[in-house]
Every structure is written in structure tokens, then in C-alpha cells.
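Reading the structure
The lines below spell out each chain.
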Amino acid sequence: MTAARQLQRSAPASAVPPHADVVVIGAGFGGLYAHYRFRQLGMSVFGFEQGTDVGGTWYWNRYPGARCDVESVDYTYSFSRELLDEWQWSERFSTQGEILEYASYVADRFDLRRDIKFESKIVSAIYDVAANLWTVRTEKGESITCRYLVTTVGCLSVPKDPDFEGLESFKGQWVQTGAWPKEGVDWAGKNVLVIGTGSSAIQSIPEVAKTAGHLTIFQRTANYSVPAYNGPLPEHRQKEVFADYPAYLAMLRKTRGGQTFELQTDNFAADFSLEEQRERMEQAWQLGRWNLQSCFRDITLNEDANRLAGEFVHAKIRETVKDPATAEKLIPRGYPFGTKRLCLDTDYFETFNRDNVDLVDINEEPILRITETGLQTSAKHYPADLIIFAIGFDAMTGPLVNLGIKGRGGHSLKDAWADGAESYLGLAVPGFPNLFTVNGPSSPSVLTNMILSLEQHVDWIADCIAALRERGLDIIEARQDATDEWAQHTEMVANHTLFPKANSWYMGANVEGKPRMFLAYIGGFDNYAARCDAVAANDYEGFALSTSKVEERA
Ligand code: NAP
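Residues numbered from 1 in each chain as written. Predicted model: local features only at pLDDT ≥ 70, side-chain atom pairs only at ≥ 80, totals over all residues. Heavy atoms only, no water.

So, on to the overall build of the protein chain. Helix and strand counts for the protein chain stand at 19 helices and 20 strands. Taking 24 Å as the expected radius of gyration for a compact globule of 554 residues, we find that the protein chain reaches 24 Å, a close match to that expectation. In terms of overall dimensions, the protein chain has C-alpha extents of about 80 × 60 × 50 Å along its principal axes. Looking at the protein chain as a whole, 57% of its 554 residues qualify as buried. Long-range contacts, defined here as pairs at least 24 residues apart, represent 73% of the contacts in the protein chain between residues at least 6 apart. (Helix = DSSP H or I, 4+ residues; strand = E, 2+ residues; numbered from the N terminus. Rg over C-alpha atoms; globule rule 2.2 N^0.38 Å. Buried < 20%, exposed > 50% of the residue type's maximum accessible area, 1.4 Å probe, protein only. Contact = heavy atoms within 4.5 Å.)

Rendered as C-alpha cells:
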């Protein structure tokens with residue numbers, strides 16, 4: 001047992017106070033840092049978390065093979081030198097379990113659980129204009145008022161419902177990757193079905209296949225995946241990176257995604273000869289991670305450059321998968337390479353060479369229903385003991401609209417976003433004063449190293465509240481004109497890329513009826529952070545600042 005695991009303890013049952021300066025919803029990495037940072041300002045902070053403990057994404061996604069696709073040395077809090085010295089990651093890409101231990105260690109190290117009420121689902125958060133207060137209520141009927149409401153609910157925390165006909169009649173076990181049972185799942189020797197082939201499935205499938213009796217994968221859209229080349233993280237490598245972390249962080253903050261890739265370049269594909277292009281892509285494949293997406297500057301901008309990378313992966317799949325018919329099914333078609341989030345895998349395509357693994361293309365053989373004993377397609381019945389749904393999330397907006405947020409005039413966030421999620425810098429929404437959304441829609445969030453992005457957001461919010469307090473102000477609200485301008489800019493930047501050509505969750509396309517728009521800011525973390533800094537330096541340009549105190553308004 002590691003020292004961190006020993007430190008882990010069950011969460012105390014915090015009593016909900018009647019009022020706090022700041023309420024933080026969510027106790028993942030963003031929530032933990034928010035508690036730390038607001039406490040530093042001398043503010044009273046209280047938090048709610050739906051799970052029984054801290055960790056957010058890493059609390060819920062306990063499926064086999066779950067690990068981060070950002071390198072451990074980058075996916076690390078930067079705010080505490082002591083923490084950097086105390087924590088040693090063991091693998092290049094950390095497992096879900098180790099990241100959860102880290103979250104727990106941080107919570108203990110800075111005594112952050114003290115002000116968090118766990119097992120608390122928020123059902124409403126309502127703004128009272130006259131009092132300039134938010135009232136936040138839990139499902140259990142507890143409530144608290146606060147001046148500032150900060151959501152740190154994650155971008156991928158509402159798993160899509162597996163609304164397959166007949167599921168209620170299934171006599172075996174079914175689970176969702178995004179809400180994997182804490183007590184674990186036993187699949188050894190069993191007939192297992194996996195539905196979906198996104199990142200979660202691509203990580204789970206090789207692990208499940210190792211001991212399942214038989215595994216059948218139901219694929220709707222083949223996905224691009226490249227090798228992660230995970231391995232141990234030598235202590236000296238982490239020490240090197242962490243030795244001067246401020247300099248390292250400054251370098252990361254100048255990148256588009258909060259991480260660097262060996263083959264990143266400003267050169268276009270056409271700047272290289274055919275031979276050089278081929279060599280570069282091969283080198284990128286051998287290096288793993290998102291090198292293949294970065295080895296020409298225009299891979300997700302230009303169709304010809306994109307086709308090169310796409311066809312390169314197609315060839316790799318044909319080389320790896322022995323059965324040609326299975327290989328053809330696994331070849332992604334109909335959308336540009338990298339415009340659905342590129343998956344990093346360990347032996348994903350190799351797994352299809354196992355005797356106990358089969359692939360079903362549900363376009364050829366649609367799923368009709370789940371039965372008492374398995375799954376019926378148009379062609380045959382697949383018996384199952386366990387069905388794993390890896391069908392994705394109501395991304396970016398789902399976690400926020402589910403909170404029951406109502407701003408000025410009782411107007412709900414759900415209604416405000418009915419035609420698209422408009423948000424100023426992904427941080428604030430007109431009509432919802434003093435509400436801050438960490439990694440909200442139209443911020444770089446999911447396109448970046450999330451820890452870097454959430455630290456930037458929390459720091460910006462904390463500095464903003466401190467500045468308001470210093471000036472005797474207590475109301476901040478995004479202006480509609482600034483929000484519209486940001487939405488136009490966000491859309492313009494996205495339209496400059498090939499990303500809108502894919503039916504991805506980035507576009508809201510995976511949820512029926514959800515408005516189509518590119519939900520993140522793709523202009524780069526570097527540009528985005530500079531814009532946020534400029535907004536703050538320019539007296540919070542685009543926000544209306546005021547005070548609720550009558551004597552100061554007079
Ligand atoms: P996802 O990428 O949305 O994949 C969902 C899969 O389920 C897709 O193959 C989708 O097919 C399929 N699907 C959805 N509804 C279906 C239905 N009714 N019938 C059959 N198939 C259906 O979800 P995810 O794999 O959970 O990944 C989501 C995101 O989480 C990732 O893109 C990534 O950002 C993050 N994530 C990160 C890591 C990591 O750090 N390593 C790991 C896992 C997830 P279509 O493509 O046809 O819709």
C-alpha cells in the first residue's frame with residue numbers, strides 16, 4: 001500500500017453552513033484547487049460533491065484500462081512546490097487509480113475535505129437579485145446561500161443513458177464506463193459485450209479481452225487511435241522536469257494544448273517531400289501520443305494534409321489486424337483524421353487478433369434490442385453475462401444545465417442555452433451574475449491539459465473576486481455584446497479547422513436534439529490565457545461590474 005493510499009480516509013460528514021462567500025460545486029481537480037485558492041483569499045468556502053469522495057472524472061471512470069492521455073509530468077498541479085517534491089508518478093501515463101490517489105493525497109495534504117459535503121447532488125442554484133445571493137440546494141433538501149457560485153463539474157461527467165430497448169429485461173449485469181461500480185466488476189471467463197468504440201472503450205477492450213471468456217464489440221463509427229507507448233516513469237525524468245517547474249510551466253502555457261510533442265512543427269505538410277512526409281509520420285507513430293496530429297501544422301486544417309495522416313493510420317491498421325475483413329471494419333471513414341478526439345491506446349488493434357474477440361459493425365447489423373440473455377441484432381443473438389456501455393457523455397453543457405441554475409428573473413441556464421451554449425470566455429454567462437464556470441463551454445478545456453486549464457481558470461476567478469473586493473464591488477456579470485463577440489470568434493476559429501466536419505461530441509452531435517456548435521475554444525491555450533489576462537488588465541472588459549450596497553450606489 002502506498003503512503004498516499006494509507007493517508008486516504010473516508011470523507012467526514014461536513015455540516016452545511018447557512019452561508020459561505022463562495023460555493024464550489026464538484027470536488028474533482030478543479031474543485032480541490034478552488035477550495036485551496038479561495039481559502040487563501042480569506043474567504044469562506046463550502047463545496048458539494050455527488051460522489052462519496054474527491055477525484056471527479058477519476059472517481060467515476062474506474063473502468064479497466066482507464067488512464068490519462070496527457071503525460072503524468074504535465075498532468076500535475078503546479079500550485080505547490082512542496083506537492084511537486086512529495087509526489088512521484090510511477091508511469092508515463094498515469095492510471096485512474098494513481099490519479100485518484102493523488103487527488104486524495106492533495107485533499108489530505110491541504111485539508112480540503114473539511115468544507116466539502118459528499119454524496120450531495122445539486123438540484124437547484126437560484127440567484128436572488130435583491131439580496132445578490134445564490135441559494136444552492138441539494139437533493140436531500142439542504143441549502144446554503146453564497147455570493148459567488150463556482151462550478152467545477154467537469155466537461156465529461158454526465159454519461160449518456162443506455163436507452164436500448166429491452167435493457168430492463170436483461171438478467172445479466174450491465175455497467176457504464178463513465179459510472180463504473182466502485183466495488184469493481186468481474187468479467188473473467190464471461191461472455192462480455194462492449195457497445196461503443198470511443199476512448200473509454202478503446203482503453204477497456206484490451207484489458208477486458210485478456211480474461212473474458214468471449215468479448216464482442218459493437219462499433220458504430222470506427223475511431224482513429226495511435227499507440228500511447230506507456231511505460232514506467234523514471235524518477236530522474238520527473239526530477240528533471242520538476243526541478244524548475246515555474247520555467248516548465250511558463251513553457252507549457254505558451255503552447256496551444258498545455259503540453260508539448262516532440263514533432264510539433266510550424267511547417268505545413270507540403271513543405272516536406274513525399275519521402276520526408278512518410279518518415280515524419282513513421283517517426284510520429286513510433287513516438288506515440290499526439291505526435292501524428294502535430295507533425296504537420298495543417299493536419300486538422302487542410303484536407304490534403306489530413307488525408308495523408310488518415311491513410312497512414314489506415315495502413316497501420318491493415319498491417320496490425322490479421323483478418324482483412326475485421327481490419328476493413330476498423331478503418332475510420334467519413335470524417336477527417338483527428339477531428340474526433342484522437343485516442344491513445346495500448347494494443348487496441350492487436351486485441352482484434354485474439355480468438356476470443358469479435359467485432360460487429362452495427363451499420364451492417366443494427367442492434368434491435370437487449371434481451372433477457374443478451375443482445376439481438378438484425379442478424380443474430382449474442383448471449384451475454386455482462387454488457388459494458390461505453391457510449392459517451394452529454395459533454396460540456398450537460399453537467400451545467402443539470403444543476404438547475406436560474407439567474408436574473410428566474411431564467412434558467414437550460415433555457416439560455418436552448419439554441420447553443422453562449423458563454424463569455426467559457427467563464428461566465430449573461431444573466432447569471434457572480435456565476436463562474438470552470439472549464440465551461442467555449443474555453444479551451446478538453447482540447448488542453450485539463451489541470452493547466454483549470455488552474456488558469458481558478459486563478460483568474462480568484463484574482464477577479466479579490467479585485468472586486470478591493471474596490472468594494474460585489475457583482476460581476478458577462479455583457480451580452482462581449483459574449484456575442486466571443487461566440488463569433490470561437491466559431492470563426494473552429495470553422496478555420498476541419499473539426500466541424502465530424503459528428504463528434506465536441507460538436508454536440510452525439511446527443512439527440514443538442515444544438516450543433518463547436519463547444520470548446522480551439523484557438524489555443526496560449527492565446528486564450530493572454531485574452532483572459534488582457535480582459536482583467538483592461539478593467540474586466542466585457543463584464544459589467546457593480547455593487548449591491550445601497551450606500552455605495554447612491
Ligand atoms: P465517445 O468518444 O463519445 O465514444 C462513444 C462511443 O459510443 C462512440 O463509438 C459512439 O459511436 C458509440 N455510441 C454512442 N451511442 C451509441 C449507440 N446508441 N449505439 C451504438 N454506439 C453508440 O465517449 P468516450 O469513449 O467515453 O470518450 C469521451 C471522451 O472522454 C474522450 O473523447 C476523451 O476526451 C475523454 N476520455 C479520455 C480518456 C483519457 O484521458 N485517456 C479516456 C476516456 C475518455 P459514434 O462515434 O458513432 O457516435
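As a matter of local geometry, the ligand sits amid 24 residues, with Arg 67, Ser 200, Thr 221, Lys 340 and Arg 341 nearest to it. Between the ligand and Gln 203 there is a distance of 2.9 Å, counted from a nitrogen atom to a side-chain nitrogen or oxygen. Interatomic distance of 3.2 Å between a backbone N/O atom of Ala 390 and an oxygen atom of the ligand. Computed on the free molecule, the ligand has an accessible area of 910 Å², of which 87% lies beneath the protein chains in the complex. The leading source of residues in the shell around the ligand is helix α6 (residues 199–211), at 3 residues. Taken together, the residues of the shell around the ligand break down into 10 nonpolar, 8 polar and 6 charged. Residue assignment places the shell around the ligand across two domains, with domain 1 (19–158 + 395–549) and domain 2 (159–223 + 340–392) each supplying three or more. (Near = heavy atom within 4 Å. Polar contact = N/O pair within 3.5 Å; in protein donor to acceptor, adjacent residues only side chain to side chain. Areas by Shrake-Rupley, 256 points an atom, 1.4 Å probe, with all protein chains shown as cover. Nonpolar A, V, L, I, M, F, W, Y, C, P; charged D, E, K, R; others polar. Domains from an automatic or database assignment.)

Here the protein chain is partitioned into domain 1 (19–158 + 395–549) and domain 2 (159–223 + 340–392). One C-alpha centre belongs to domain 1, the other to domain 2; they are set 32 Å apart. Of the residues lining the interface, 22 residues belong to domain 1; the matching set on domain 2 comes to 17 residues. Of the roughly 1800 Å² buried between domain 1 and domain 2 on both sides combined, carbon and sulfur atoms contribute 52%. Summed over the shared surface of domain 1 and domain 2, the number is 1 salt bridge. One salt bridge connects Arg 341 with Asp 69, and the closest N-O pair in it is separated by 3.1 Å. Our count for the domain 1 to domain 2 interface comes out at 9 residue pairs in polar contact (both at pLDDT 80 or more). (Buried area = accessible area lost by both parts, 1.4 Å probe. Salt bridge = Lys/Arg side-chain N within 4 Å of Asp/Glu carboxyl O.)

Moving on, we get to the pairing of strand β9 (residues 214–219). Among the 6 residues that make up β9, 5 are buried, leaving the element largely enclosed by the rest of the structure. Strand direction decides the pairing type here: strand β8 (residues 191–195) and β9, joined by 5 bridges, are parallel. Note on β9: the bridge partner recorded for Asn 191 is His 214. Of the strand pairs in this sheet, β9 and strand β12 (residues 357–361) are connected by 5 bridges, and their pairing is parallel. When the sheet's bridge partners are listed, Thr 216 is paired in β12 with Asp 358. (Pairing = 2+ DSSP bridges.)

The final tally for this structure, using the stated rule, is 33 salt bridges. Arg 113 is the salt-bridge partner of Asp 108, the closest N and O atoms lying 2.8 Å from each other. Note on Asp 108: relative accessible area 14%, which makes it buried. Of the charged contacts in the structure, one is a salt bridge between Lys 501 and Glu 303, with a shortest N-O distance of 3.6 Å. Here the residue Lys 501 occupies a position in the loop between α17 (480–495) and α18 (525–537), and Glu 303 occupies one in helix α11 (residues 303–320), the gap between them amounting to 198 residues. With relative accessibility at 40%, the residue Glu 303 sits in the partly exposed group. One continuous salt-bridge network, built from bridges that share partners, spans Glu 71, Arg 92, Arg 237, Glu 262 and Arg 289.

What follows concerns the side chain of Thr 265. Relative to the elements of secondary structure, Thr 265 occurs in the loop between α8 (245–252) and α9 (274–287). Classification of Thr 265 by relative accessible area gives buried; the value is 14%. Within the local environment of Thr 265, its side chain forms a polar contact with the backbone nitrogen of Asn 267, the two atoms lying 2.9 Å apart. Here Thr 265 is in contact with Arg 280, Ser 294, Cys 295, Phe 296 and Arg 297, once residues within four sequence places are set aside.

Before going further, it helps to spend a moment on α9. With 14 residues, α9 ought to run about 20 Å at 1.5 Å a step, and its terminal C-alpha atoms sit 20 Å apart, in line with that. Against β10 (225–227), α10 (291–294) and α11 lie the buried residues of α9. One or two positions beyond α9, positive phi appears at Gly 288, with a value near 75 degrees. (Expected span 1.5 Å × (residues − 1).)

Now for the sheet that holds strand β7 (residues 173–176). Adjacent strands of a sheet form backbone hydrogen bonds with each other and so pair up, either parallel or antiparallel. Overall, parallel pairing links the 5 strands, which are arranged β7-β16-β8-β9-β12 in an open sheet. With one partner strand each, in any of the chains shown, β7 and β12 form the two edges of the open sheet. Ignoring strand direction, the axes of neighbouring strands in this sheet form an average angle of 20 degrees. Note that β7 and strand β16 (residues 386–389) share 4 bridges and pair parallel. When the sheet's bridge partners are listed, Gln 176 is paired in β16 with Phe 389. Strand contacts of α6: β8, β9, β12 and β16, with the helix running at about 160 degrees to β9, the strand carrying the most contacts. (Axes fitted to C-alpha atoms, helices over the stretch in contact; angles between N-to-C directions.)

On to the nonpolar core, then. In this structure, Phe 38, Tyr 77 and Trp 460 are the most contacted members of the largest nonpolar core, which totals 112 residues. Residue contributions to this core peak at 10 residues, all from helix α16 (residues 450–470). Those residues in contact with Tyr 77 that lie beyond four places of it in its chain are Gly 28, Phe 29, Gly 30, Leu 32, Tyr 33, Leu 83, Leu 84, Tyr 102, Val 106, Ile 451, Leu 454 and Glu 455. (Core = buried A, V, L, I, M, F, W, Y, C linked by side-chain atoms within 4.5 Å.)

Take the packing of aromatic side chains next. Summed over all chains, the structure comprises 41 aromatic pairs. Aromatic pair Tyr 224 and Tyr 335: ring centres 5.7 Å apart, planes at 80 degrees, arrangement edge-to-face. Residue Tyr 224 is located in the loop between β9 and β10, and its partner Tyr 335 is located in the loop between α12 (324–330) and β11 (343–345); the two are separated by 111 residues in the primary sequence. The pair Tyr 224 / Tyr 335 is uniform in exposure class, with both members buried. Every member of this aromatic cluster is reached through a ring pair, and the members are Phe 29, Tyr 33, Tyr 36, Trp 58, Tyr 75, Tyr 77, Phe 79, Trp 87, Trp 89, Tyr 102, Tyr 105 and Phe 110. Just above the ring of Tyr 59 sits the side chain of Arg 62; from NZ or CZ to the centre is 4.7 Å. Over the aromatic face of Phe 110 sits the side chain of Arg 109, whose NZ or CZ is 5.1 Å from the ring centroid. (Phe/Tyr/Trp six-rings, centres within 6.5 Å; stacked < 30°, edge-to-face > 60°. Lys NZ or Arg CZ within 6 Å of the ring centre and 35° of its normal.)

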